[in-house]
Amino acid sequence: MKLVTAVASLLFSALVHAQAWPSKPIKYIVPFAPGGTTDILGRMVANGLSAALGQPVVVDNKPGQAGSIGSAELARAAPDGYTIGGGTISSHAINASLYSRLPYDPIKDFAPITMLATLPNMLIVHPSVNANSVRELVELLKANPNKYSFGSAGNGTSQHISGELFKIMTGTQMQHIPYKGSGPMIPDLLAGTIQLSFENITTAYPQVKGGRLKALAVTSAKRSFVAPDVPAMAEAGLAGYDISSWQAMFAPAGTPKEIVARLHGETAKILRSPENQKKLAELGLDAGGMAPEELTALIRAEIPKLGKVVRDSGAKVD
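Quick caveat: nothing in here was measured; it's all calculated off a predicted structure.

Novice: Mind showing me how you'd approach the overall build of the chain here?
Specialist: Regarding its fold elements, the chain presents eleven helices and ten strands. Taking 318 residues into account, the globule formula puts the C-alpha radius of gyration at 20 Å, and the chain, at 21 Å, falls close to it. Buried residues in the chain amount to 53% of all 318 residues. Long-range pairs, those at least 24 residues apart, make up 78% of the contacts in the chain between residues at least 6 apart in sequence. As presented, the chain carries roughly 13300 Å² of accessible surface, and 56% of it is formed by carbon and sulfur atoms. Considering the chain, the positive charge centre built from 29 side chains and the negative charge centre built from 24 side chains are found 2 Å apart.

Structure, rendered in structure tokens:
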């Protein structure tokens, strides 16, 4: 009888807690530097949740190690609904194979909330690079092994792995220069300090439209609706090349299901609002909103798939 009473008491306490939530500000961890896609989406969601929940949702950028530093902090946070955060194809799929001692388990240590958006990367080059197509770039790289460098938002990011897959499929050699996010990488690319990147289309295409960089291809299987004049890698001669980046939202494992469900519902509404749909489309993003269990299934499938690319490339970070 005492056991039944204790269990009932715990269930009642959890229910009351979920009903009272939120009663104080919520922290939203962005595991990348300001200015990149993860940061843009994080701030969009944080602003929407602040209005929907009646409590401030404060963005806290924790960049480094392809999202690992911020994701590790999220995994360690109390599972009470007051710490949530963004996660990406890097932090929750690629890093599982790239880092031999990842400080969290991408599956066990998180409560998936929803997919925020999916997007391709774009192969962009500095105007000084004497190549106007993927074929011409491959010829240039083969004639000049390791002369050119490609920048990414960090080791293990989709930009990094897009570049490694490109090297594998073309038999070319380039130097990889990792940054702590797209924000600090783009200025160096514009200055010609690095020569190319496989950058998220969100931050890449505005530079292309402004005439500051050249776009040679997108990394998805098909062309992007935001840049219909830019060919997909397969069209450019790399049949089977397909890496699409994704952005998702998580809470620490053990967060009450009622809170996760509320966050999923409110975030899906935010992504579906006409104003945000327009913003996402302008950025080249396909809005998400999938259920938590669907996100879990996606991550379980992505880890081995992307792990093969990491192993084939020989990339490793410790």
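Now that the structure is up, let's keep going.
Novice: I would appreciate a short explanation of helix 4 (residues 90-98) in the present structure.
Specialist: Since one α-helical turn is 3.6 residues long, residues separated by three or four positions face the same way. Counting buried residues along helix 4, eight of its nine residues qualify, which places the element largely inside the surrounding structure. Within the sequence span of helix 4, burial applies to Ser 90, Ser 91, His 92, Ala 93, Ile 94, Asn 95, Ser 97 and Leu 98. Its buried side turned inward, helix 4 meets helix 3 (68-76), strand 3 (83-88), strand 4 (110-125), helix 6 (158-170), strand 9 (244-252) and helix 11 (292-313).

Novice: For this particular structure, what's the right way to read empty space enclosed by the protein?
Specialist: If a probe as big as a water molecule is rolled over the atoms, it shows which places are left empty. Taken as a whole and assessed by the stated rule, the structure comprises one cavity of 30 Å³ or more. Of the volumes computed, that of the largest cavity is approximately 130 Å³. Contributing to the lining of the largest cavity are 17 residues, with Phe 32, Thr 38, Gln 159, Asn 200 and Gln 247 lying nearest its centre. At the level of elements, helix 2 (37-53), helix 6 and strand 9 are the ones that each hand at least two residues to the lining of the largest cavity. With three residues, the top contributor of residues to the lining of the largest cavity is helix 2. Residue composition of the lining of the largest cavity, by class: three nonpolar, 13 polar and one charged.

Novice: I would appreciate a short explanation of the packing of helix 2 against helix 9 (residues 257-272) in the present structure.
Specialist: Packing of helix 2 against helix 9 leaves a shortest axis separation of 10 Å and a crossing angle of 115°. Compared by their axis directions, helix 2 and helix 9 come out roughly perpendicular. For the pair helix 2 and helix 9, the crossing hand works out as right-handed. For the pair helix 2 and helix 9, contact is made by Met 44, Val 45, Gly 48, Leu 49, Ala 52 and Leu 53 and by Arg 262, Leu 263, Glu 266, Thr 267 and Ile 270, respectively. Grouping the constituent residues of the contact of helix 2 with helix 9 by class yields seven nonpolar, two polar and two charged.

Novice: Is there a simple way to think about the pairing of strand 1 (residues 26-30) in this case?
Specialist: Within a regular strand, the side chains alternate between the two sheet faces. Most of strand 1 is tucked away: four of the five residues are buried. Summarising the sheet, strand 1 and strand 2 (residues 57-61) pair through five bridges and their orientation is parallel. The residue of strand 2 that forms the bridge with Ile 26 is Val 57. Bridge analysis of strand 1 against strand 3 gives three bridges, and the strand direction is parallel. Each residue of the ladder has a partner; that of Ile 29, found in strand 3, is Gly 85.

Novice: Help me understand the pattern of salt bridges, please; the structure alone is not making it clear to me.
Specialist: When the charged atoms of two side chains lie near each other, side chains of opposite charge can form a pair. For the structure on display, the rule yields 13 salt bridges. Residues joined by salt bridges that share partners form a network here, namely Lys 27, Asp 60, Lys 62 and Glu 73.

Novice: I would appreciate a short explanation of helix 11 in the present structure.
Specialist: The terminal C-alpha atoms of helix 11 lie 31 Å apart, and with 22 residues this matches the ideal 32 Å at 1.5 Å per residue to within 8%. Glu 302 marks the point of greatest bend in helix 11, at about 25°, and the proline Pro 304 comes within the next four residues. Along helix 11, the positions that sit buried rather than exposed are Leu 295, Ile 299, Glu 302, Ile 303, Leu 306, Gly 307, Val 309 and Val 310. Immediately beyond the C-terminal end of helix 11, within one or two residues, lies Gly 314, with a positive phi of roughly 80°.

Novice: Teacher, can you tell me more about the environment of Ile 26 here?
Specialist: Assignment of secondary structure puts Ile 26 in strand 1. Linking Ile 26 and Gly 81, residues 55 residues apart in sequence, is a C-alpha distance of 7.5 Å. Apart from residues lying up to four places away in sequence, Ile 26 is in contact with Trp 21, Leu 53, Pro 56, Val 57, Val 58, Gly 81, Tyr 82 and Ile 84.

Novice: Sorry, what's going on with the layout of surface pockets here?
Specialist: Roughly 270 Å³ of volume is contained in the largest pocket. What lines the largest pocket is a set of 21 residues, and nearest its centre among them are Thr 118, Leu 119, Pro 120, Ser 244 and Ser 245. Of all elements in the fold, only strand 4, strand 9 and helix 11 reach the threshold of two or more residues within the lining of the largest pocket. For the lining of the largest pocket, the per-class residue count stands at ten nonpolar, six polar and five charged.

Novice: In this structure, what is going on with the packing of aromatic side chains? I would like to understand it.
Specialist: The relation between two aromatic rings is expressed through the spacing of the ring centres and the mutual angle of the planes. For the structure on display, the rule yields four aromatic pairs. On the numbers, 5.8 Å between centres and 65° between planes, the contact of Phe 110 with Phe 250 is edge-to-face. Remark: Phe 250 occurs in strand 9 and Phe 110 occurs in strand 4; sequence separation between them is 140 residues. In terms of burial, Phe 110 and Phe 250 fall into one category: buried.

The rules behind these values
Each chain has its residues counted from 1, running along the sequence as written. Confidence filtering applies because this is a predicted model: local features only for residues at pLDDT of at least 70, side-chain atom pairs given and counted only at 80 or more, and all residues used for totals across whole chains, interfaces and linings. In computing side-chain properties, one takes all heavy atoms of the structure into account and sets aside hydrogens as well as water. A run of H or I in DSSP becomes a helix once it reaches four residues, and a run of E becomes a strand once it reaches two; helices and strands are each numbered from the N terminus. As defined in this context, the radius of gyration uses C-alpha atoms, and a globule is described by 2.2 Å times the residue total to the power 0.38. For every residue, the accessible area (1.4 Å probe, protein chains only) is compared with the maximum for its type, and the residue is labelled buried under 20%, exposed over 50%, or partly exposed between those bounds. The contact criterion used throughout is that any non-hydrogen atoms of two residues lie within 4.5 Å. Here the Shrake-Rupley method, with its probe set to 1.4 Å, supplies the accessible areas, and only the displayed protein chains count as covering residues. Asp and Glu are treated as the negative residues and Lys and Arg as the positive ones, with His and the ends of the chain left uncounted. Every charge is mapped onto a representative atom, which is NZ of Lys, CZ of Arg, CG of Asp or CD of Glu. Detection works on a 1 Å grid of protein atoms alone, calling trapped sets that fit a 1.4 Å probe cavities and calling open sets with protein on both sides within 12 Å along at least five of seven lines pockets, with lining residues defined by an atom within 4 Å of a point. Grid points are joined across faces, edges and corners, and a volume is the space filled by probe spheres set on the points. Residue type decides the class: Asp, Glu, Lys and Arg count as charged, Ala, Val, Leu, Ile, Met, Phe, Trp, Tyr, Cys and Pro as nonpolar, and the leftover types, Gly among them, as polar. Axis geometry follows a simple rule: fit a line to the C-alpha atoms, using only the stretch in contact for helices, then measure angles between N-to-C directions, giving values from 0 to 180 degrees. Between 65 and 115 degrees an angle is taken as roughly perpendicular, under 35 as roughly parallel, over 145 as roughly antiparallel, and anywhere else as oblique. By definition, any crossing whose near helix is turned counterclockwise from its far helix by less than a right angle is left-handed, and any crossing with a clockwise turn is right-handed. Pairing between strands is defined by DSSP: at least two bridges between them are needed. Throughout this description, the term salt bridge denotes a Lys or Arg side-chain nitrogen within 4 Å of a carboxyl oxygen of Asp or Glu. Multiply 1.5 Å by the residue count of a helix minus one, and that product is the helix's expected span. Fitting axes to the seven residues that end at a residue and to the seven that start at it, the angle between those axes gives the bend at that residue. For Phe, Tyr and Trp, where Trp contributes only its six-membered ring, two rings pair if their centres lie within 6.5 Å, and the inter-plane angle classes them as stacked under 30 degrees, edge-to-face over 60, or tilted in between.

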